[in-house]
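Residue-level structural notes
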Amino acid sequence: FYPDSNFDGNIFQTWAPTHAPKKETIITRSDFERVVHSTETRSYITEIGREQGNDGIYYAGSYCVYGMGLLEQALVSGKEASDRVLNDLLAPPKDDTSLETDVAPLKAIIIGAGPSGLVAAKYLLESTNPTYDVTIVESSDSIGGSFMNKVYDNCRLVSSKYLTAFSDDRMSEDTEICPDHPSTTQYVDYLKSYAERFGLRQHIQFGSTVVSVKDAESTNDVTVNKLGDDSNGYEVQYNNHKNQIITGEYDVVAVCSGLHNTEYVPKSFLPSSSDKKNASIATKFKGQIIHSSQYKNPSIFAEKRVLILGCGETAMDIAHRAVSNPRCESVALSVRRGFLSIPHNLAKDRPLDVFITNLFEHAYEHPWVHAYRLRWVLSTVFIRLFLFLTGSSLGFNQWAVQTGPVKRGYHIINKSHAAMGHLNVPVKRKSLWGRFWMWAYREGDLRPIESFHRTEVTDVEDDGVTVRFGDGRKYEADLIVLATGYKQSFPFLDDKIRKEFREESARARDEHNSCEGDMGKYNIEEEHLPNEHFIVGKTRPHLGFIGFVRPNVGAIPPMSELQVMWWLEKMRGNVKTLDSKPGTPPSYMVLGRKYSYGVDYGNYMHRVAEDIDAAPTLSTLAKSSRPLRALYTYCIGQSMISLFRLQGPYESKICWRVVTGELWRVCTKRGFAENCGLLYMTWLSFLMNAIACVLECLWCILTLKRPKLFVRY
């Protein structure tokens, strides 16, 4: 390529001679600007370079992003790749007017520069109808959110890289470069690379904290317009890195401050008066009390008797680090309800979160089968059988701190498993059967972790170190770690907005109070989320909450990406929501959850994608250049985010290649026996749905009605 005379400097360089086009090609200003504005084209070039790497890498041209001074290099190899890129660059734009508009861009502000904030910024910046002027406000001095600010020694993701990565910017498949479960440091590096690749960093205001978000006042002092929504925008104040209060009006606000942002501390562990009768546990205890967010390395456990409160993945990580420290005197774990433990890696190259299927479980499921959750019942049988073969049907080799019932769709699974063997030791020693399994797992030499199950700390004795539990047992502690999790907190939201969300939640709770799963309850004092997929409120489509759902077996970043896609279509008026019957909760809610926002990952992804026609159909998959790969990857694979960009408003050529390439290989790596088992379950599910279809047809013949067969639910 050679530059147009309108440009200064060598914008495009000549292609490598061995793969050069037959004649020189002139790139005009309009062509160049179209390339610059299309981050998908840039992603496409890079992805081709990755695919064709075995043919040798060549520079396809170094170009400077016009007006931004950002130098990028696209690596492409092979004659075929060169031609494909050339055709893409010179093809007529789909919408010649998309970049030539006199309409001023809408102003958007994003709160948080973690994964959710970055992916929200990327999609807002790529939008052409309308366009957005984006500002990202980040309180820390770096990209990454909780993955940067609330991590500890040797911390790793419990979700696999295949599930966690965004749709069109994948992590390396090479496990020598990036393991199946990357460290938090590797993941933050990935996020930084993502921000650089899509030009997001220049939009971030680091060291800035949002002070308030409230309705913007219109000229006649009416904050809600004739449409009855928030189209007048919002007034946002934030304190920047110079400690200056910046006030601005924004058309769109994305709250991406993170699910794990504000620590939850039980009231009994808050400081109180020194009056002996009314003093809290925190006041009576003479040792050290910290929240798990303050833990950084195991040196803190030296010469200490450690008590950990909580049953989440962080609690299990900290328990394992404490018991692994030879200088730690003893370790105990206090759990009120118990949990379901299954390791994030079932074996080498076998991440847990890839052993879930889509066909007849999240898609093409008969409404009767779905209503009675028969697929979940079938899955439960196989899950319990699998767990039984590990030594316990109430968890993977889990003999302590168990919970029930163990059913598909009931629990947020704890995937941090390293401490489980230590917790098992005191229980297994009590029986010959337990001692057999202790021998089978080689747990005989493990230091025990004492567990206090289905009880909680009630008091501290006069010595200031003896902690008393509700069941009468005692434990002497020098350090208490509160792994009690986090609560949703949006202190910057105006009271009016908070009240609206509380009232929406109350109405939902009243409608769903007869439903299974303790529907709609917030178990601790925390802010309420909007009702529409936990993204927007009924009258506030321009105030989006991204990344505030908790999946059972999944990852939040890909859910955030799909939420952003849905949110943009919602603001454009293109969402086809399904009107549910009064009193019917969303079908994706986890039934036995302790979180009001706990969801079944695959079910949630499909229901949200269906609203914007992004859930892939079998006919769409069959039209792929590799139809068998595409069909198998979707039907017998997990709900990876790239699958939801094969059709609909965000269809991507990159994602087609990801699905038939990387994600296909993920399925094959599961192993022959594992794939046969998943195929067998899918076959049984097919029979179940076929029987339901036949019964419905017979019923409709008798009642002279038309069968619906497979419909949205």
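Residues numbered from 1 in each chain as written. Predicted model: local features only at pLDDT ≥ 70, side-chain atom pairs only at ≥ 80, totals over all residues. Heavy atoms only, no water.

So, on to the packing of aromatic side chains. For the structure shown, the criterion picks out 27 aromatic pairs. Considering the side-chain rings of Tyr152 and Tyr295, the 5.6 Å spacing of their centres and the 50° angle between planes classify their relative orientation as tilted. Of the two residues, Tyr152 sits in the loop between helix H5 (146-149) and helix H6 (161-164) while Tyr295 sits in the loop between strand E13 (288-291) and strand E14 (305-309), which places them 143 residues apart along the sequence. What makes Tyr295 buried here is its relative accessible area of 1%. Plain terms: the ring middles of Tyr295 and Phe301 are 5.4 Å apart, the flat faces sit at 20° to each other, and that makes the pair stacked. The rings of Phe147, Phe166, Tyr187, Tyr190, Tyr194 and Phe198 are connected pair by pair, giving a single aromatic cluster. The side chain of Lys122 reaches across the aromatic face of Tyr123, ending 4.6 Å from its centre. The ring of Phe198 is capped by Lys122, whose NZ or CZ atom sits 4.9 Å from the centre of that ring. (Phe/Tyr/Trp six-rings, centres within 6.5 Å; stacked < 30°, edge-to-face > 60°. Helix = DSSP H or I, 4+ residues; strand = E, 2+ residues; numbered from the N terminus. Buried < 20%, exposed > 50% of the residue type's maximum accessible area, 1.4 Å probe, protein only. Lys NZ or Arg CZ within 6 Å of the ring centre and 35° of its normal.)

Across the interface, helix H4 (residues 115-126) lies against helix H7 (residues 184-197) with an axial gap of 11 Å and an inter-helix angle of 20°. With respect to H7, the axis of H4 lies roughly parallel. For H4 against H7, the interelement crossing comes out left-handed. Here Pro115, Leu118, Val119 and Lys122 of H4 lie close against H7, whose contacting residues are Tyr187, Leu191, Tyr194 and Ala195. Tallied by class, the residues present in the contact of H4 with H7 amount to seven nonpolar, no polar and one charged. (Axes fitted to C-alpha atoms, helices over the stretch in contact; angles between N-to-C directions. Parallel < 35°, antiparallel > 145°, perpendicular 65-115°, else oblique. Left-handed = near helix turned anticlockwise from the far one by under 90°. Contact = heavy atoms within 4.5 Å. Nonpolar A, V, L, I, M, F, W, Y, C, P; charged D, E, K, R; others polar.)

This part covers the confidence of the model for the protein. Looking at the protein, the pLDDT average stands at 84 and 80% of residues meet or exceed 70. The model gives residues 48-82 a pLDDT under 50, and that stretch makes 81 contacts with residues more than four places away or in other chains. Low pLDDT (under 50) marks residues 514-522, which in the prediction has 26 contacts with non-local residues, meaning those over four places away or in another chain. (pLDDT = per-residue confidence, 0-100.)

Relative to the assigned elements, Ser639 resides in the loop between helix H18 (627-635) and helix H19 (653-669). Considered as a pair, Ser639 and Met605 are 34 residues apart in the sequence and their alpha carbons are 7.1 Å apart. One polar contact links Ser639 to Asn358, side chain to side chain, over a distance of 2.5 Å. (Polar contact = N/O pair within 3.5 Å; in protein donor to acceptor, adjacent residues only side chain to side chain.)

Bringing the environment of Ile289 into the picture now. For Ile289, the location among the structural elements is in strand E13. Sequence separation between Ile289 and Phe269 is 20 residues, and the spatial gap between their C-alpha atoms is 8.4 Å. What Ile289 contacts, discounting residues up to four positions off in sequence, is Phe269, Ala282, Ile480 and Leu482.

Moving on, we come to the pattern of salt bridges. For the coordinates displayed, the defined rule picks out 31 salt bridges. As a salt-bridge pair, Glu126 and Lys122 come within 3.5 Å of each other at their nearest N and O atoms. One end of the pair is Glu126 and the other is Lys122, both in helix H4 and four residues apart, which spans about a single turn. Here Lys122 falls in the buried class, since its relative accessible area comes to 2%. In this structure, the salt-bridge partner of Glu196 is Arg201, at a minimum N-O distance of 2.9 Å. (Salt bridge = Lys/Arg side-chain N within 4 Å of Asp/Glu carboxyl O.)

Each full turn of the α-helix corresponds to 3.6 residues, which orients residues three or four apart in the same direction. Relative to the 16 Å expected for twelve residues at 1.5 Å per residue, H4 spans 17 Å between its end C-alpha atoms, a close match to the ideal helical length. For H4, the buried fraction is high: ten of the twelve residues fall into the buried class. Contact partners of the buried residues in H4: strand E5 (106-111), strand E6 (132-137), H5, H7, strand E7 (204-205) and helix H15 (556-572). (Expected span 1.5 Å × (residues − 1).)

Turning to a nonpolar patch on the surface, a few remarks are in order. A cluster of nonpolar side chains, contributed by Trp368, Ile691, Val694, Leu695, Leu698, Trp699, Ile701 and Leu702, occupies part of the molecular surface with about 880 Å² of accessible area. Here the nonpolar patch takes seven residues from helix H20 (residues 672-703), the largest share from any one element. Counting through the fold element by element, Leu702 comes out in helix H20. (Patch = residues over 30% accessible without salt bridge, like charges linked within 9 Å, V, L, I, M, F, W, Y side chains within 5 Å. Areas by Shrake-Rupley, 256 points an atom, 1.4 Å probe, with all protein chains shown as cover.)

Reading across the sheet, the three strands line up as E19-E20-E21 and stay open at both edges, with antiparallel pairing between neighbours. Only two strands of the sheet have a single neighbouring strand rather than two, namely strand E19 (457-460) and strand E21 (474-476). On average, each strand axis in the sheet is inclined to that of its neighbour by 30°, with strand direction left out of account. Note: strand E20 (residues 466-469) against E21, three bridges, orientation antiparallel. The residue of E21 that forms the bridge with Arg468 is Lys474. (Pairing = 2+ DSSP bridges.)

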